[in-house]
Amino acid sequence: MKKLKLLYHVHTNASYDSLNRVSRILGFCKKNNIELLAICDHDSIKNNKKANSIANKMGIKTIPSIEYSSNAGDIIGLFVKNKISSNNCVEILRSIKSQGGITVLPHPYKGHSLEKIPMDLVDLIEIFNPRCNKKDNELAVKLSKKYQKNTIVGADAHLHNELKLAINYFDYDGDHIELNDNEIKKIILNNR
C-alpha cells in the first residue's frame, strides 16, 4: 500500500484575503513531498493555470479548484474546468458535477445554511479545518457520518505558515500510479 499526499484548500494572492504566492506554495509542496495540490481561491481560477505550469516542472500535479461563495455558504469544486457565475448553491453543485468535478462542503458549521444544501449533490465533507473550533470540526464529522459521505481535511491556508496545518494522506494499491484526473478522482472519492 502506498501513500499519496494532497494539500487541499489553499488560497493564493488571487483570493482577496490571502498573501500566499504560488511559487512559495509549490516550494512547500516540493520540500514536503506533496504530490497533489488543490488551490481553492475565492471565486477565482486566476492562479490555477500559473500553478499548473510551474508544478508540472516540479513533478507536482495540481487539481483545478475553486471556492464558490453561494447563497448557502461556501462550496468547493475540485476538477473544475470553467468558472460558474451563479451564486445559487444548487446550480453551483450541479455545474461542478456536469463538468466531471467533485463537490466539497468545506467547514460546514462556519457560515452555512445547511438546510439549503442538497446533500445528495455533495461528494465530500471537510471534517477538519484549522480555522474552525474543535466543536465545529466534531460536528462536521457527525454530519459526514449522518449522510455517509467520505471526508477530507482542509488547510484553508491564507498565509504560508498555515500550509502545514492539514495534509491528506490517501492509500492506493500498486507500485506506480498514473496521476491522471480519473485515477486521482477515484482515490479521493473512495478513501477516508
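Look above for the structure.
Computed from a predicted model, the values in this text were never measured in an experiment. (Residues numbered from 1 in each chain as written. Predicted model: local features only at pLDDT ≥ 70, side-chain atom pairs only at ≥ 80, totals over all residues. Heavy atoms only, no water.)

Take the nonpolar core next. Of all hydrophobic cores here, the largest spans 36 residues; its most connected members are Leu-7, Leu-37, Ile-75, Leu-105 and Ile-117. Among the elements that line this core, the one with the most residues is helix α1 (residues 22-31), at five residues. Once you skip the residues sitting within four places of it in the chain, Ile-117 turns out to touch Ala-72, Ile-75, Cys-89, Leu-93, Leu-105, His-112 and Val-122. Among the nonpolar cores identified, the runner-up in size contains 19 residues, and Leu-6, Cys-40, Phe-170 and Ile-188 belong to it. (Core = buried A, V, L, I, M, F, W, Y, C linked by side-chain atoms within 4.5 Å. Buried < 20%, exposed > 50% of the residue type's maximum accessible area, 1.4 Å probe, protein only. Helix = DSSP H or I, 4+ residues; strand = E, 2+ residues; numbered from the N terminus. Contact = heavy atoms within 4.5 Å.)

Among the surface-exposed residues, Arg-21, Arg-24, Lys-46 and Lys-50 lie close enough to one another that they form a single positively charged patch. Its place among the elements puts Lys-50 in helix α2 (residues 46-58). (Patch = residues over 30% accessible without salt bridge, like charges linked within 9 Å, V, L, I, M, F, W, Y side chains within 5 Å. Areas by Shrake-Rupley, 256 points an atom, 1.4 Å probe, with all protein chains shown as cover. Salt bridge = Lys/Arg side-chain N within 4 Å of Asp/Glu carboxyl O. Lys, Arg positive; Asp, Glu negative; His and termini not counted. Charge placed at Lys NZ, Arg CZ, Asp CG, Glu CD.)

Turning next to the packing of α1 against α2. Packing of α1 against α2 leaves a shortest axis separation of 10 Å and a crossing angle of 35°. In the packing of α1 onto α2, the handedness of the crossing is right-handed. The segment α1 lies against α2, with Val-22, Leu-26, Gly-27 and Lys-30 engaging Asn-47, Lys-50, Ala-51, Ile-54, Ala-55 and Met-58. Residue composition of the contact of α1 with α2, grouped by class: six nonpolar, two polar and two charged. (Axes fitted to C-alpha atoms, helices over the stretch in contact; angles between N-to-C directions. Left-handed = near helix turned anticlockwise from the far one by under 90°. Nonpolar A, V, L, I, M, F, W, Y, C, P; charged D, E, K, R; others polar.)

This model, assessed by the stated rule, comprises zero aromatic pairs. Over the ring of Phe-79 we find Lys-185, and its NZ or CZ is 5.2 Å from the ring centre. (Phe/Tyr/Trp six-rings, centres within 6.5 Å; stacked < 30°, edge-to-face > 60°. Lys NZ or Arg CZ within 6 Å of the ring centre and 35° of its normal.)

Spatially, four strands are ordered β3-β2-β1-β9 in an open sheet, and the strand pairing comes out mixed. The open sheet terminates on both sides in strands that have one partner only, identified here as β3 (61-62) and β9 (168-172). (Pairing = 2+ DSSP bridges.)

A word on the pairing of strand β1 (residues 2-10). Both faces of the sheet carry side chains from a regular strand, because those side chains alternate between them. Across the nine residues that make up β1, a large majority, seven, are buried. Bridging between β1 and β9 involves five bridges; their strand directions are antiparallel. Within the sheet, the bridge partner assigned to Leu-6 lies in β9 and is Asn-168. With four bridges joining them, β1 and strand β2 (residues 36-39) adopt parallel strand pairing. Within the sheet, the bridge partner assigned to Tyr-8 lies in β2 and is Ala-38. The β-α-β motif built from β1, the intervening α1 and the parallel element β2 has right-handed crossover chirality. (Right-handed = clockwise from strand over helix to strand, strands pointing away.)

Further remarks concern the pattern of salt bridges. Within the structure shown, the criterion is met by five salt bridges. The residue Asp-181 makes a salt bridge to Lys-61 at a minimum N-O spacing of 3.1 Å. Of this pair, Asp-181 sits in helix α5 (residues 181-190) while Lys-61 sits in strand β3, and the two are 120 residues apart along the sequence. Residue classification places Asp-181 among the partly exposed positions, given a relative accessible area of 31%. Note that Asp-123 and Lys-97 form a salt bridge whose closest N and O atoms lie 2.7 Å from each other.

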